Amino acid sequence: AVEIDPTGGNGSAYVTLGALYDRAPGRPLGFGNSATAERMFQRALEIRPDGIDVNYYYAAFLKEEGNTQAAREHAQRAVNGTARESRQRSDEALRRDAEALLRELAPLLAHRAAVSTAAETVVRRAKEAGAESEDPPERFWDRSLAESVAAKCRGKSPSNVTEESKPSLSHA
């Protein structure tokens, strides 16, 4: 479809492809791929940035990827978005789903803010202690780990941390 129509039916083909790459299992079982899903959603947003469907499905993807702040932004765009004339009914249903997603994200964002504040306090205290401190570094927590936690809470992937070593910030 996107080879025939580069705009992919006003972005709809890219939304569908993004959702498919997001939901399908990865190799060796399937073709699912987060990076490809991200590219498809980004392309759809370039074509129709105010689309309810584009923003809702991208918000759901971002939530699954752990980027709750960006998920909130796109869920809000979906709530405020423009319904397609030919798909008003389905877009209004997605608008309600986006409102529900915003309610889901609120406690996660509050939790991340609290964790981020705590991590930044640890980083500040470690910096204040400086090299002249006789206290063992573990007393202040590992500074790079604290910086990684703070970065992750802000929705960024710190470059100095591998996937395996990233701390879990799940809201349990």
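Residues numbered from 1 in each chain as written. Predicted model: local features only at pLDDT ≥ 70, side-chain atom pairs only at ≥ 80, totals over all residues. Heavy atoms only, no water.

Participant: Describe the overall build of the protein, with residues and values.
Facilitator: In terms of helices and strands, the protein carries six helices and zero strands. Secondary structure of the protein in N-to-C order comes out as α-α-α-α-α-α. Per-residue burial for the protein yields a buried fraction of 37% across its 172 residues. Within the protein, residue pairs in contact and separated by at least 24 positions form 49% of the contacts whose partners lie at least 6 positions apart. When the accessible surface of the protein is totalled, it reaches about 10300 Å², and 50% of it is carbon and sulfur. (Helix = DSSP H or I, 4+ residues; strand = E, 2+ residues; numbered from the N terminus. Buried < 20%, exposed > 50% of the residue type's maximum accessible area, 1.4 Å probe, protein only. Contact = heavy atoms within 4.5 Å. Areas by Shrake-Rupley, 256 points an atom, 1.4 Å probe, with all protein chains shown as cover.)

Participant: Can you explain the packing of helix 1 (residues 12–23) against helix 3 (residues 52–64)? Please cite residues and give values.
Facilitator: Contact geometry of helix 1 with helix 3 gives a least axis separation of 10 Å together with a crossing angle of 20°. Classified by the interaxial angle, the pair formed by helix 1 and helix 3 is roughly parallel. Considering how the two elements wind past one another, helix 1 and helix 3 form a crossing that is left-handed. Counting all contacts with helix 1, which are made through Ser12, Val15, Asp22 and Arg23, the residues of helix 3 involved are Asp53, Val54, Tyr57, Ala60, Phe61 and Glu64. (Axes fitted to C-alpha atoms, helices over the stretch in contact; angles between N-to-C directions. Parallel < 35°, antiparallel > 145°, perpendicular 65-115°, else oblique. Left-handed = near helix turned anticlockwise from the far one by under 90°.)

Participant: I'd love a proper account of the packing of aromatic side chains, names of residues and values included.
Facilitator: Per the stated rule, a full pass over the model turns up four aromatic pairs. Residues Tyr56 and Tyr57 carry aromatic rings whose centres are separated by 5.2 Å and whose planes lie at 65° to one another, so their mutual orientation is edge-to-face. The partly exposed category is assigned to Tyr57, whose relative accessible area is 29%. Measuring from centroid to centroid gives 6.1 Å for Tyr58 and Phe61, while their planes differ by 15°, and the two rings are stacked. Separated by three residues within a single helix, Tyr58 and Phe61 lie in helix 3, roughly one turn from each other. Members of the aromatic cluster, connected to one another through ring pairs, are Phe41, Tyr58 and Phe61. (Phe/Tyr/Trp six-rings, centres within 6.5 Å; stacked < 30°, edge-to-face > 60°.)

Participant: Outline the side chain of Arg95, supporting the account with residue identities and numerical values.
Facilitator: Among the structural elements, Arg95 can be located in helix 5 (residues 88–129). Classification of Arg95 by relative accessible area gives buried; the value is 16%. Separated by 2.5 Å, the side chain of Arg95 and the backbone oxygen of Val79 make a polar contact. (Polar contact = N/O pair within 3.5 Å; in protein donor to acceptor, adjacent residues only side chain to side chain.)

Participant: Break down helix 3 for me, citing the residues and quoting the values.
Facilitator: Its 13 residues place the ends of helix 3 18 Å apart at the C-alpha level, agreeing with the 18 Å of an ideal helix rising 1.5 Å per residue. Counting buried positions over the 13 residues of helix 3 gives 10, a clear majority of the element. Buried within helix 3 are the following residues: Ile52, Asp53, Val54, Asn55, Tyr56, Tyr58, Ala59, Ala60, Phe61 and Leu62. (Expected span 1.5 Å × (residues − 1).)

Participant: Tell me about the nonpolar core, residues and numbers included.
Facilitator: Counting 26 residues, the largest nonpolar core has Tyr56, Tyr58, Phe61, Leu62 and Leu101 as its most contacted members. When residues of this core are traced back to their parent elements, those giving at least two are helix 1, helix 2 (34–47), helix 3, helix 4 (68–80) and helix 5. Here the element with the most residues in this core is helix 3; it accounts for seven residues. Apart from the residues within four sequence positions on either side, Leu101 is in contact with Tyr56, Ala59, Ala60, Lys63 and Ala75. (Core = buried A, V, L, I, M, F, W, Y, C linked by side-chain atoms within 4.5 Å.)

Participant: How would you sum up the confidence of the model for the protein? Please name residues and give values.
Facilitator: For the protein, per-residue confidence averages 77 on the pLDDT scale, and residues scoring 70 or more make up 66% of the total. Here residues 160–172 is a poorly scored stretch, pLDDT under 50, and it has 21 contacts once near neighbours within four places are set aside; other chains count. (pLDDT = per-residue confidence, 0-100.)

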